[in-house]
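These are the residues of each chain, in order.
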Amino acid sequence: MNKLILSATLVGLMTSTAGAVDLTVWVHPDFSPSAGLPAVADAYKAAYAEFEKQNPDITITYEVERGGSEALQQFLTAASSNTLPDLALLDGFWISRLVETGTLQPLNDLWSADSRAHWLPASVDAVTLDGNIYAVPFHTSWRGLFYPIDTMKGLGYDKPPQNWDEFLAFGEKAKAGKMFATMLPAAGGEVTALHMLSMFWGLGGEMVDADGKPIFFDGANRTALEKVYSIYHDLAAQGLTSSDTTLDEGKIRPFLYTRETASIAASTSRIQSMYTDAPWLKGNLGAFNYPLPDGAKAVPVLTGFTYGIFTADQERQAAAWKFIQFLTQPDVIGPLNANAGHLPVIDDVWEQDFYKNDPLMQEFKGIVESGMKPRPSVPIYPAITAAWSAQMADVIAGNITPTQAVDNARDTVMAEYERMNAN
């Protein structure tokens, strides 16, 4: 736990703190002065130091929250024991579950419409439930396939494969060159499910209905999910991807650095990590969307972390809002986004040098502007993605069929859905 004296003076804040306020903040490991990537940690340290300079009447006690799927459970447990912080960094897919606890505060009265107009509308919509805005997004990311441009050219391609048949042909050339065509995360968890979700949507599937009830196991939705499982299994069976089901995005990246794979499934949020790990990739990194059978195109998934306020005390809310507003100003959030490689959700950041002058970032800007589909803002969503990814290892190993995988996921999810709606 760390204590910093932080402050800010912001135009348009409706109220100010009357005296010294000690706020507790839970921060994600990747978004704080404790971040593992030095450039990110340094950028947060600089931002916090400036906040400290401007507003010495606010003390921020910050604690690094758990990572991965354990983090949401940490918040749910804290909600039940009344031990939540004043504000926290929240993955967007946690919002609906936390709203159910009655502890996450609506921000409509704090966040003006004029301010929100500078945000990517879909990012705000993703944290809005029943007309209430519950968080402030500060980045998004794109997940797809990343490749070294020189590797692609070495296999005889001036551009990456555009459809499924081209991808299979590309895969055979990579295999002949003693490389995988690609590597896909298959370990259980949200990250694997996000790659699956992009494919699932692209194949015409829908996860839940308009009321938030799971429907991924019915009709065309089932067909789409079975096809996603089949893609993973068949690529592994043909030797075009790894059959190692312990791999997540982090464990996959080194295989790209050693040229054991021609591409990897990854996130834009790790671009700077890739440049740090393998400097030869800078200026030599390309990206393309997952090719899918039958001419389908994967749908970009809108993801990202947000700031949310739990305290109901008005004075503490005002202090928390100062902190959020300061950290999401374009001149502050821009370097924080850039040093991690995150895609901005605030319009003005796209005009900053890193994004404006980098061809790959401009490519992603086009993707963001063309539309990214938010994850369903429903309480059952985390249970669905956990159940989906939990089947992957057995599918790849051939222990269960794609049909059985969908059945297993259905049974797990519907038991949880019925429990959640029992009252």
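Residues numbered from 1 in each chain as written. Predicted model: local features only at pLDDT ≥ 70, side-chain atom pairs only at ≥ 80, totals over all residues. Heavy atoms only, no water.

## A few points about the packing of helix 8 (residues 190-202) against helix 16 (residues 381-390)
Okay, step 1: One can describe the packing of helix 8 onto helix 16 by two numbers: an axis separation of 8 Å at closest approach and a directional angle of 90 degrees. Between helix 8 and helix 16, the angle is such that the two are roughly perpendicular. Together, E190, T192, A193, L194, M196, L197 and F200 of helix 8 and Y381, T385, W388 and S389 of helix 16 make up the contact between the two elements.
Okay, step 2: Its residues assigned to classes, the contact of helix 8 with helix 16 comprises seven nonpolar, three polar and one charged. (Axes fitted to C-alpha atoms, helices over the stretch in contact; angles between N-to-C directions. Helix = DSSP H or I, 4+ residues; strand = E, 2+ residues; numbered from the N terminus. Parallel < 35°, antiparallel > 145°, perpendicular 65-115°, else oblique. Contact = heavy atoms within 4.5 Å. Nonpolar A, V, L, I, M, F, W, Y, C, P; charged D, E, K, R; others polar.)

## Re the pairing of strand 3 (residues 58-64)
Okay, step 1: Within strand 3, five of the seven residues are buried, which leaves it mostly tucked inside the rest of the structure.
Okay, step 2: Note that strand 2 (residues 21-27) and strand 3 share seven bridges and pair parallel. The residue bridging V21 from the neighbouring strand is I58, located in strand 3.
Okay, step 3: A crossover links strand 2 with its parallel partner strand 3, the connecting element being helix 1 (residues 38-54), and its sense is right-handed. (Buried < 20%, exposed > 50% of the residue type's maximum accessible area, 1.4 Å probe, protein only. Pairing = 2+ DSSP bridges. Right-handed = clockwise from strand over helix to strand, strands pointing away.)

## A few points about unusual backbone geometry
Okay, step 1: Here D130, not a glycine, exhibits a phi torsion of approximately 50 degrees, which is positive.
Okay, step 2: Looking at where D130 falls in the secondary structure, it is placed in the loop between strand 5 (128-129) and strand 6 (132-133).
Okay, step 3: For K178, which is not glycine, the phi torsion reads 65 degrees and is therefore positive.
Okay, step 4: Among the secondary structure elements, K178 is positioned in the loop between helix 7 (164-176) and helix 8.
Okay, step 5: Here K178 falls in the exposed class, since its relative accessible area comes to 76%.

## What to know about helix 10 (residues 249-257)
Okay, step 1: Listed in full, the buried residues belonging to helix 10 are E249, I252, R253, L256 and Y257. Along the axis of helix 10, the buried positions cluster into a sector of 150 degrees, meaning they face one direction only.
Okay, step 2: Check the buried side of helix 10 and you find it contacts strand 8 (143-148), helix 8, strand 9 (264-267) and helix 11 (271-277).
Okay, step 3: Its side-chain oxygen placed 3.1 Å from the backbone nitrogen of G250, D248 serves as the N-cap of helix 10.
Okay, step 4: Positioned one or two residues after helix 10, R259 has a phi angle of 60 degrees, which is positive. (Arc of directions from axis to C-beta. Polar contact = N/O pair within 3.5 Å; in protein donor to acceptor, adjacent residues only side chain to side chain.)

## Notes on the sheet that holds strand 10 (residues 285-288)
Okay, step 1: Strand order in the open sheet formed by three strands is 9-8-10, and the pairing between neighbours is antiparallel. Unpaired on one side and paired on the other, strand 9 and strand 10 mark the two borders of the sheet. Across this sheet, the average inter-strand angle for adjacent strands is 50 degrees, counted without regard to direction.
Okay, step 2: Sheet strands touched by helix 8: strand 8 and strand 9. Its angle to strand 8, the strand with the most contacts, is close to 90 degrees.
Okay, step 3: In the packing of helix 10 onto the sheet, the strands contacted are strand 8 and strand 9, and the crossing angle to strand 9 comes to about 125 degrees.

## Concerning helix 7
Okay, step 1: Here helix 7 spans 18 Å end to end across 13 residues, near enough to the 18 Å set by a 1.5 Å rise per residue.
Okay, step 2: By the burial criterion, the buried members of helix 7 are W164, F167, F170, G171 and A174. One side of helix 7 holds all its buried residues, which, seen down the axis, span an arc of 115 degrees. Turned more than 90 degrees off the buried face of helix 7, the exposed positions are D165 and A176.
Okay, step 3: Sitting at the head of helix 7, N163 places a side-chain oxygen 3.2 Å from the backbone nitrogen of D165. (Expected span 1.5 Å × (residues − 1).)

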